[in-house]
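Letter by letter, the chains look like this.
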Amino acid sequence: MYRYDEFDRDFVNQRVTQFEDQVRRRMSGELTEDEFKPLRLMNGLYLQLHAYMLRVAIPYGTLNATQMRKLAHIARTYDRGYGHFTTRQNVQFNWPKLSDTPQILRELADVEMHAIQTSGNCIRNVTSDQFAGAAADEFADPRVYAEILRQWSSLHPEFLFLPRKFKIAITGAEQDRAAVQVHDIGLQLTRNEDGEIGFVVFVGGGLGRTPMVGRKVRDFLPENDLLAYSEAILRVYNRYGRRDNKYKARIKILVHETGLEELKQDIETEFEATKNGILNLPNEEVVRINEYFAPPSFDALPKISTELEAAKREDRDLALFSSRNLHAHKAEGYTSVTISLKPIGGAPGDATADQMDVIADLAERFGHNELRVTHEQNLVLPHVKLQDVPTVFKILKANDLADSNAGLITDMIACPGLDYCALANARSIPIAQEISKRFEAVKRQNEIGDLKLKISGCINACGHHHVGHIGILGVDRKGEELYQITLGGSADQNTSIGKIIGRGFPEAEITDAVETVVDTYLANRLDEEESFIDAYRRLGDQPFKDALYGA
Ligand code: HEM
Ligand code: SF4
């Protein structure tokens, strides 16, 4: 876990004091909303369709029980009893009163949390693998580098007014669970032939109205060049990124318009000038930060827990939960437990204050006081003994948190859409709820297997529809809400942007259309082992088009 020093604590508290005064001046009418806007955006406070929304940073999705309890307390005391976990591993409160926001930030500062750089044209929360430090397929812990990048990018004086927001993601495992190729900078930890640690670097990935897969600019960036190289990329972007048109301001457009080779050259020139300066990352610093993330002291346990295996034989629900929501851990006898925030008919990513308290208790009792937020809007207990899974499951079940749907069709991402968002063309949450109800049957969901369905209420793509195996995009056609389907997107190590399959469907028909797509897959797959995305890649879109629109 990251650690605050005296400087961090002082700084965050000073920020709260300044914000208190800014809110006071807004409330007294001394500041207009327009004057207040840049000030509130420095502190994660957005204005949505009906109310203010506060986005709180959760560094690389990691938090402890005390912090989770504080989020529960805020949801209960200052909001409507729930919080919303987001695709960038943060949490949002949708209904805070403006007058309460300084106090909320004050209370967050008590537990080393804040909302700085969660909005605006700056470097945002660095995101990572939710199973970091735990996953069996990991070869280096990405949190160490995410933390180094966080320290470098927090209040970096040169990069607080970039042409547009800037997002960095990092993964250290074979399976990319952090969607690095759809970020402005994507980092994949790797080792060279001498066994030294470094990074594959991608630049210019992104979603929004012009989706692009990141382009590789380095096959191997040595560990100690991480900051100098990142700084070089940011400098080139800050200097040449477009400021004349906000729709063309992201680095992906710069990559596209300049050409990869020329841009790479610009980055390398900048890098040459700075690489041996103060940004060179000394080994001692990496070692020091590594200590923050030292693994908890795991007990020596057998690889297979006889207790869990026996309990699974007795309880089919537990067996199902174990087959979907447990992830292989690097320590024998341990597992990572995904807590689904996708109950059938619920709003994806929402958790009530009571649920947050329960989850905090579980982290303390069974999970070495650690919790993670996933970019798919779920929560994770990263280090749980296999033998404790039956008890954890029982407690989750008693609190409506035991949906065994991790990675299945009902485990979908959806943006807030027209229910909250002023930019929306269409509603997202009701569509997610209807699809989830249609596919409620557990047996059917498991028969369909791994399937990522993602829904956005407009082209800004907060719901990642471009990289859903099935994506749904809300569009407005002459006042009517229509939903367009894209197929074949993916955000893992084989990232691809989905293809629009044809004309959109009205709300009354979109769930049927999704069902038609799923049935077409089931009828055409080679066998149960062939996943939706593999089948789509083999078949192309024709069978799906024929089924949806007639041959
Ligand atoms: C309701 C208020 C929201 C507004 C007004 C809003 C606005 C936007 C806009 C304008 C973009 C496009 C930016 C660009 O391409 O340069 C965007 C992208 C994005 N937003 Fe939101 N958003 C909202 C809520 C959310 C929520 C709740 C989440 C997470 C669950 C989210 C996650 C994202 C992500 C992941 C992207 C896109 C990817 C990228 O940057 O390439 N947004 N948002
Ligand atoms: S995708 Fe559009 S509708 Fe959905 S939250 Fe983002 S801006 Fe709003």
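Residues numbered from 1 in each chain as written. Chains lettered and ligands numbered in written order. Predicted model: local features only at pLDDT ≥ 70, side-chain atom pairs only at ≥ 80, totals over all residues. Heavy atoms only, no water.

A. Examining the overall build of the protein chain more closely. If you tally the helices and strands in the protein chain, you get 18 helices and 21 strands. Since a compact globule built from 551 residues should have a radius of gyration of about 24 Å, the 23 Å found for the protein chain is in line with a globular shape. Here the protein chain, with 551 residues, has 58% of them falling under the buried criterion. Roughly 22300 Å² of accessible area belongs to the protein chain as shown, and the carbon and sulfur atoms make up 48% of that amount. Positive and negative side-chain charges of the protein chain, numbering 66 and 81 respectively, have mean locations separated by a distance of 4 Å. (Helix = DSSP H or I, 4+ residues; strand = E, 2+ residues; numbered from the N terminus. Rg over C-alpha atoms; globule rule 2.2 N^0.38 Å. Buried < 20%, exposed > 50% of the residue type's maximum accessible area, 1.4 Å probe, protein only. Areas by Shrake-Rupley, 256 points an atom, 1.4 Å probe, with all protein chains shown as cover. Lys, Arg positive; Asp, Glu negative; His and termini not counted. Charge placed at Lys NZ, Arg CZ, Asp CG, Glu CD.)

B. Seen up close, the coordination of the iron atom of ligand 1. If you check the protein contacts of the iron atom of ligand 1, you find one donor only, Cys-462 (SG), at 2.2 Å. By the secondary structure assignment, Cys-462 is in the loop between strand 17 (453-456) and strand 18 (470-477). (Donors = N, O, S within 2.8 Å, 3.2 Å for Na, K, Ca; no water.)

C. The sheet that holds strand 14 (residues 371-373), seen in detail. On the basis of which strands lie adjacent, the open sheet formed by five strands has the order 3-14-15-12-11 and antiparallel pairing. The open sheet is flanked by strand 3 (62-63) and strand 11 (326-328), the only strands paired with a single partner. Bridge analysis of strand 3 against strand 14 gives two bridges, and the strand direction is antiparallel. Across the sheet, the residue bridging to Thr-62 is Arg-372, located in strand 14. Packing against the sheet, helix 12 (residues 353-366) makes contact with strand 12 (334-339), strand 14 and strand 15 (379-385), and its axis sits at approximately 25° to strand 15. (Pairing = 2+ DSSP bridges. Contact = heavy atoms within 4.5 Å. Axes fitted to C-alpha atoms, helices over the stretch in contact; angles between N-to-C directions.)

D. Region of the structure containing the site of ligand 1. In the vicinity of ligand 1, 20 residues are found, and the nearest of them are Gln-48, Lys-167, Leu-207, Arg-250 and Cys-462. Between ligand 1 and Arg-250 there is a distance of 2.9 Å, counted from an oxygen atom to a side-chain nitrogen or oxygen. The class makeup of the residues in the shell around ligand 1 is five nonpolar, nine polar and six charged. (Near = heavy atom within 4 Å. Polar contact = N/O pair within 3.5 Å; in protein donor to acceptor, adjacent residues only side chain to side chain. Nonpolar A, V, L, I, M, F, W, Y, C, P; charged D, E, K, R; others polar.)

E. Structural context of the site of ligand 2. For ligand 2, the full set of nearby residues is Cys-415, Pro-416, Gly-417, Cys-421, Leu-423, Ala-424, Gly-457, Cys-458, Asn-460, Ala-461 and Cys-462. Considering only residue class, the shell around ligand 2 consists of eight nonpolar, three polar and no charged.

F. Region of the structure containing the pattern of salt bridges. All chains considered together, the criterion is met by 46 salt bridges. A salt bridge links Glu-112 to Arg-9, with the shortest nitrogen-to-oxygen separation between them at 2.7 Å. Of this pair, Glu-112 sits in the loop between helix 4 (101-110) and strand 6 (127-128) while Arg-9 sits in helix 1 (residues 6-27), and the two are 103 residues apart along the sequence. Judged by relative accessible area, Arg-9 falls into the partly exposed class, the value being 31%. The salt bridge involving Arg-427 is made with Glu-481; its shortest N-O contact spans 3.3 Å. With Arg-427 in the loop between strand 16 (413-414) and helix 14 (429-438) and Glu-481 in strand 19 (residues 480-487), this pair connects stretches of sequence that are 54 residues apart. The class of Arg-427 is partly exposed, set by a relative accessible area of 25%. (Salt bridge = Lys/Arg side-chain N within 4 Å of Asp/Glu carboxyl O.)

G. Broad picture of the pairing of strand 12. The buried fraction of strand 12 amounts to six of the six residues, a majority that puts the element mostly inside the structure. Where strand 11 lies against strand 12, three bridges are found, and the strand directions are antiparallel. Paired with Ala-328 across the bridge in strand 12 is Thr-335. Between the end of strand 11 and the start of strand 12, which pair antiparallel, lie five residues, with Gly-333 showing a positive phi angle near 85°.

H. How the structure looks around the sheet that holds strand 7 (residues 168-171). With mixed pairing, the five strands of this open sheet are ordered in space as 6-7-8-9-10. The strands lining the two open edges of the sheet, one partner per strand, are strand 6 and strand 10 (215-222). Inspection of the sheet shows strand 6 paired to strand 7 by two bridges, in the parallel sense. From the neighbouring strand, Thr-127 faces strand 7, where its bridge partner is Ala-169.

I. View of the environment of His-84. Take His-84: it is sitting in strand 4 (residues 82-85). For the pair His-84 and Val-182, spaced 98 residues apart in sequence, the C-alpha to C-alpha distance is 22 Å. Here His-84 is in contact with Asn-90, Val-91, Gln-92, Asn-94, Pro-348, Gly-349, Asp-350 and Gln-377, once residues within four sequence places are set aside. Among the polar contacts listed, one links the side chain of His-84 to the side chain of Asp-350, at a separation of 2.7 Å. At 3.3 Å, the side chain of His-84 forms a polar contact with the side chain of Gln-377.

J. Representation of a negative patch on the surface in the model. Side chains of Glu-447, Asp-527, Glu-528 and Glu-529 sit close together on the surface and give a patch of like negative charge. The residue Glu-528 is located in the loop between helix 16 (507-524) and helix 17 (532-539) in this model. (Patch = residues over 30% accessible without salt bridge, like charges linked within 9 Å, V, L, I, M, F, W, Y side chains within 5 Å.)

K. Here's a closer look at the UniProt feature "domain: Nitrite/sulphite reductase 4Fe-4S" (unreviewed entry) in the protein chain. Here, the residues flagged by UniProt with the feature "domain: Nitrite/sulphite reductase 4Fe-4S" (unreviewed entry) are residues 119-272 and 411-523. The annotated region residues 119-272 carries 31% helix and 18% strand content, and the separation between its end C-alpha atoms amounts to 31 Å. (UniProt positions renumbered as here; feature names shortened; annotations may be inferred.)

L. Inspection of the packing of aromatic side chains at higher detail. Taken as a whole, this structure holds 16 aromatic pairs when the rule is applied. Taking 6.0 Å as the distance between ring centres and 40° as the angle between the ring planes, the aromatic pair formed by Tyr-2 and Tyr-4 counts as tilted. You can call Tyr-4 buried: its relative accessible area is 11%. Geometry around Trp-95 places Arg-80 over its ring, the cationic atom sitting 3.7 Å from the centre. Here Arg-209 stacks its cationic end above the ring of Tyr-247, 3.9 Å away from the centre of that ring. (Phe/Tyr/Trp six-rings, centres within 6.5 Å; stacked < 30°, edge-to-face > 60°. Lys NZ or Arg CZ within 6 Å of the ring centre and 35° of its normal.)

M. Here's a closer look at the nonpolar core. Core analysis: the biggest nonpolar cluster contains 107 residues, and Met-68, Leu-71, Phe-85, Tyr-145, Phe-166 and Val-201 have the highest contact counts within it. It is helix 6 (residues 226-240) that contributes the most residues to this core, nine residues altogether. Not counting residues up to four positions away in its chain, the partners in contact with Phe-166 are Cys-122, Ile-123, Arg-124, Asp-184, Ile-185, Ile-233, Leu-234, Tyr-237 and Ile-251. Listed in part, the 30 residues of the second largest apolar core include Ile-435, Val-517, Ala-535 and Tyr-536. (Core = buried A, V, L, I, M, F, W, Y, C linked by side-chain atoms within 4.5 Å.)

N. Structural context of helix 3 (residues 65-78). The end-to-end C-alpha distance of helix 3, which contains 14 residues, comes to 20 Å, matching closely the 20 Å that a straight helix rising 1.5 Å per residue would cover. Looking at helix 3, one finds that the buried residues are Ala-65, Gln-67, Met-68, Lys-70, Leu-71, Ala-72, Ile-74, Ala-75 and Tyr-78. Two or three places before Thr-66, at the start of helix 3, stands the capping residue Asn-64, its side-chain oxygen 3.2 Å from that residue's backbone nitrogen. (Expected span 1.5 Å × (residues − 1).)

O. Examining the packing of helix 1 against helix 2 (residues 33-41) more closely. One can describe the packing of helix 1 onto helix 2 by two numbers: an axis separation of 10 Å at closest approach and a directional angle of 165°. Considering the angle they form, helix 1 stands roughly antiparallel to helix 2. For helix 1 against helix 2, the interelement crossing comes out left-handed. Counting all contacts with helix 1, which are made through Phe-19, Gln-22, Val-23 and Arg-26, the residues of helix 2 involved are Glu-33, Phe-36, Leu-39 and Arg-40. Taken together, the residues that form the contact of helix 1 with helix 2 break down as four nonpolar, one polar and three charged. (Parallel < 35°, antiparallel > 145°, perpendicular 65-115°, else oblique. Left-handed = near helix turned anticlockwise from the far one by under 90°.)

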